[in-house]
Structures are given as structure tokens and as C-alpha cells.
Amino acid sequence: MKIVGFEANNGLRLGVVEGDAVIDLQAADAATPGDLGEVLRRGNGDLKPLADLAKKAPASARRPLAGLKFGFPVAKPGKIVCLGLNYLDHVKEGPQRDNVPKFPSIFFRVQTSMVPHLQPIIRPRESIQLDYEAEMVAIVGKRAKHLTMDNAVACIAGYSCANEGSVREFQRHTTQWGMGKNFDKTGSIGPWMVSADEVPKGGKGLKIETKLNGKTMQSSNTDLFMFPVAESLVYLTEGMTLEPGDVLFTGTPSGVGHARKPEPVWMKSGDTCEIEIEGIGVLRNPSEDEK
């Protein structure tokens, strides 16, 4: 099941994608929350009620996917947790090439640093070094603490795509990456969440690619994670409680812009960047310069 957040009738709504149409769940039942996170909290991660609601929705609840104003898969995530340096080939192309991590590299993003599917990513006035990063995203469905390898991925409701755009110049001002990762509207997430039952366990074995203006820049597979989803969840929940609607970015493969030869390739105004993950979808965003 593909669950999409979108804007209509002056509010946030949820829909289920079927082919080239979206079933507007609020049109089927006005009591349905417009935030997937709230649905997950109320149902302890159970998505069956949404599937049942979509099945009995009247024809009038259908709207075309084309022209939809996409929102975030989770309208208001409590936490956006990010894994850095999760593909060895990406480690080797960066400044940490001689310091292969023994543990997951954890940092956080704020929601104001992200935009939904089809909305423009903004290159800031302060730096031209806006880089693309294809990432698979896992969305937490159930409250989780002290997970084990046996039960870790059971807390995941589904998966999405992300462009974890980074302002490299500011990322490298210090050893902490927060500033370069959190410029307004420099990354994206979407276009929807695909429920975990339609994706291999832990999101394994999925082709992941970035295309910039139609040219393939990154091409890899989630089997190459240094710290797979289950191991990462176990590590995270040793210290923090994950809540329904929390979002986990899982790291990017090699081929990012800063490492391109003979010179770096940065996203600029007029570009279109596409992140495609097998079985999940294509996240597409134009780029614009900050006004």
C-alpha cells in the first residue's frame, strides 16, 4: 500500500495511491487524521484500517494523482534521525576515508530543512555547495526501545525516498554536521510511504539511484549498508525511544557531487534531481536559488 500525504481543501490529508489515482481518505471518513504519524500512534502501527477504508471509499473520494500537491509522508515527525557514512564506498570518497566507522554515525535534521515531492529544493545564498544524497527512509510505526535483532524491523511501518541534501561548505566548518545538514529546504522526502509488507525485510536488496538532469550520478544497492536497518535500530534504541511517525534516514552511497572528478558537481537553479528506489518510487525535485 502506498500512503501519500497531500494538501487540499485548506488542510493536510492522507490518501492511498492506486495506479494514477489517489483515494482521499478524509473524503471517505472525515474523522481520519491528516497526519500518518497520528494514524500510526492511534493504531500502534496497524495500517489495516486505512486499507479497509480505501476499499470502501466511494468513487467521489478518488482524485487524479497528476496535479496533486504532495505533502510529507509523515506530516509532523517527532524525530528525523540520520545515519551518516553507511556505505563503505561513500566513506572512501570523503574526508573520513582513512577512518572507517565502527559504529553508526548519528545526526539529526529538522523538518524545515526538507520539502515534499515536486517542491523546489533551495540553494542558499551563503554557499554554492549544495550536494545531492539518495537515501532510503524507514518510518517508525510502533513505539520502540531496547530492540533486538529478532524484533527490530517489526517496528517499521514502511519506507520512502529522500534526497538528504547537504551544504558541504558549512557541514565541514566543524566536526558536527548539523549546520550543513539543516539549511532551509535543502533536502526532500517522498513521494509517499510504501508499507513494509511490500518491501523486502529491512529494505534489503533494493537498487537506489540519483539522476541529476537525467544523468545517473549515484547507483548502488541497500545490501551494501555497513549498518543495516535492523542493526541500526537496535543501536539507536539502546539510548532513545522511537515513536510512531519518527523518520530514519539510512545513508547515501558513493557518487555524491563533492567527490565528482575532475571537479565537483553542485545542484543549481534549474536542475532537476530524481531519487529512485526499487519498489518504493521516484522522488523528484527542481532546484532554485534562494531569493
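Residues numbered from 1 in each chain as written. Predicted model: local features only at pLDDT ≥ 70, side-chain atom pairs only at ≥ 80, totals over all residues. Heavy atoms only, no water.

Trainee: Sorry if this is basic, but what is going on with the pairing of strand β7 (residues 105-108) here?
Mentor: Side-chain direction in a regular strand flips from residue to residue, so the side chains alternate between the two faces of the sheet. Residue alternation in β7 divides its side chains into a buried set, S105 and F107, and an unburied set, I106 and F108. Two strands pair when backbone bridges link them, and strand β6 (residues 80-84) and β7 are joined in this way by four bridges, in the antiparallel orientation. Its bridge partner lying in β7, G84 is registered against S105. (Buried < 20%, exposed > 50% of the residue type's maximum accessible area, 1.4 Å probe, protein only. Helix = DSSP H or I, 4+ residues; strand = E, 2+ residues; numbered from the N terminus. Pairing = 2+ DSSP bridges.)

Trainee: What should I look at first to understand empty space enclosed by the protein in this one?
Mentor: To find leftover empty space, one rolls a probe the size of a water molecule over the atoms. Counted under the stated rule, the structure contains one cavity of 30 Å³ or more. Forming the boundary of the largest cavity are F72, P73, V74, P77, I80, Q111, M114, I139, I189, V247 and F249. (1 Å grid on protein atoms, 1.4 Å probe; cavity = no way out; pocket = protein on both sides within 12 Å on 5 of 7 lines; lining within 4 Å. Points joined across faces, edges and corners; volume = space filled by probe spheres on them.)

Trainee: Please explain the sheet that holds strand β18 (residues 272-277) as it appears in this structure.
Mentor: Two orientations exist for strands paired in a sheet by backbone hydrogen bonds: parallel and antiparallel. Taken in spatial order, the five strands line up as β9-β19-β18-β15-β16 in an open sheet, and their pairing is mixed. The open sheet is flanked by β9 (121-123) and β16 (215-221), the only strands paired with a single partner. On average, each strand axis in the sheet is inclined to that of its neighbour by 20 degrees, with strand direction left out of account. Direction of pairing for strand β15 (residues 207-212) relative to β18: antiparallel, over a ladder of five bridges. Residue pairing in the sheet places E209 in a bridge with E276 of β18. (Axes fitted to C-alpha atoms, helices over the stretch in contact; angles between N-to-C directions.)

Trainee: Any chance you could explain the packing of aromatic side chains here in plain terms?
Mentor: How two aromatic rings sit relative to each other is given by the distance of their centres and the angle of their planes. Going through the model one piece at a time under the given rule, you end up with four aromatic pairs. Measuring from ring centre to ring centre gives 6.2 Å for F103 and Y235, while their planes differ by 25 degrees; the resulting arrangement is stacked. Linking F103 in the loop between α4 (88-92) and β7 with Y235 in helix α6 (residues 229-237), this pair joins segments that are 132 residues apart in sequence. Relative to W177, the ring of F107 lies with its centre 5.4 Å away and its plane at 70 degrees, an arrangement referred to as edge-to-face. Within this pair, whereas F107 is found in strand β7, its partner W177 is found in the loop between α5 (168-171) and β14 (187-195), the two being separated by 70 residues in sequence. (Phe/Tyr/Trp six-rings, centres within 6.5 Å; stacked < 30°, edge-to-face > 60°.)

Trainee: Any chance you could explain the environment of P253 here in plain terms?
Mentor: Looking at the secondary structure, you find P253 in the loop between β17 (247-249) and β18. Classification of P253 by relative accessible area gives buried; the value is 0%. Remark: the alpha-carbon pair of P253 and E126, spanning 127 residues in sequence, is separated by 26 Å. Apart from residues lying up to four places away in sequence, P253 is in contact with Y87, D89, H90, E93, A134, I208, Q218 and S220. (Contact = heavy atoms within 4.5 Å.)

Trainee: Would you take a moment to explain the pattern of salt bridges for this structure?
Mentor: Two side chains with opposite charge may pair up if their charged atoms get near one another. This model, assessed by the stated rule, comprises 21 salt bridges. Of the charged contacts, one joins D24 and R63 as a salt bridge, the two residues approaching to 3.1 Å between their closest N and O atoms. With D24 in strand β3 (residues 21-24) and R63 in strand β4 (residues 62-64), this pair connects stretches of sequence that are 39 residues apart. On the accessibility criterion, D24 (2% relative accessible area) is buried. Where salt bridges share partners, they join R109, D131, E133, E164, R168 and K181 into one cluster. (Salt bridge = Lys/Arg side-chain N within 4 Å of Asp/Glu carboxyl O.)

Trainee: Help me understand the layout of surface pockets in this model?
Mentor: Estimated volume of the largest pocket: approximately 290 Å³. As for the largest pocket, its lining consists of 21 residues, and the residues nearest its centre are L85, P95, Q171, R172 and W177. At the level of elements, β6 and α5 are the ones that each hand at least two residues to the lining of the largest pocket. Residues that form the lining of the largest pocket fall into these classes: five nonpolar, ten polar and six charged. (Nonpolar A, V, L, I, M, F, W, Y, C, P; charged D, E, K, R; others polar.)

Trainee: What is the right way to look at helix α3 (residues 48-56) in this model?
Mentor: For an α-helix, 3.6 residues make a turn, and residues three or four places apart therefore share a direction. Buried residues of α3: L50, L53 and A54, and no others. Axial view of α3: buried residues confined to an arc of 100 degrees, hence all on one face. What points out from α3, more than 90 degrees from its buried face, is the exposed set K48, K55 and K56. Elements in contact with the buried residues of α3: β1 (2-8), β2 (11-18), β3, α1 (25-28) and α2 (36-43). (Arc of directions from axis to C-beta.)

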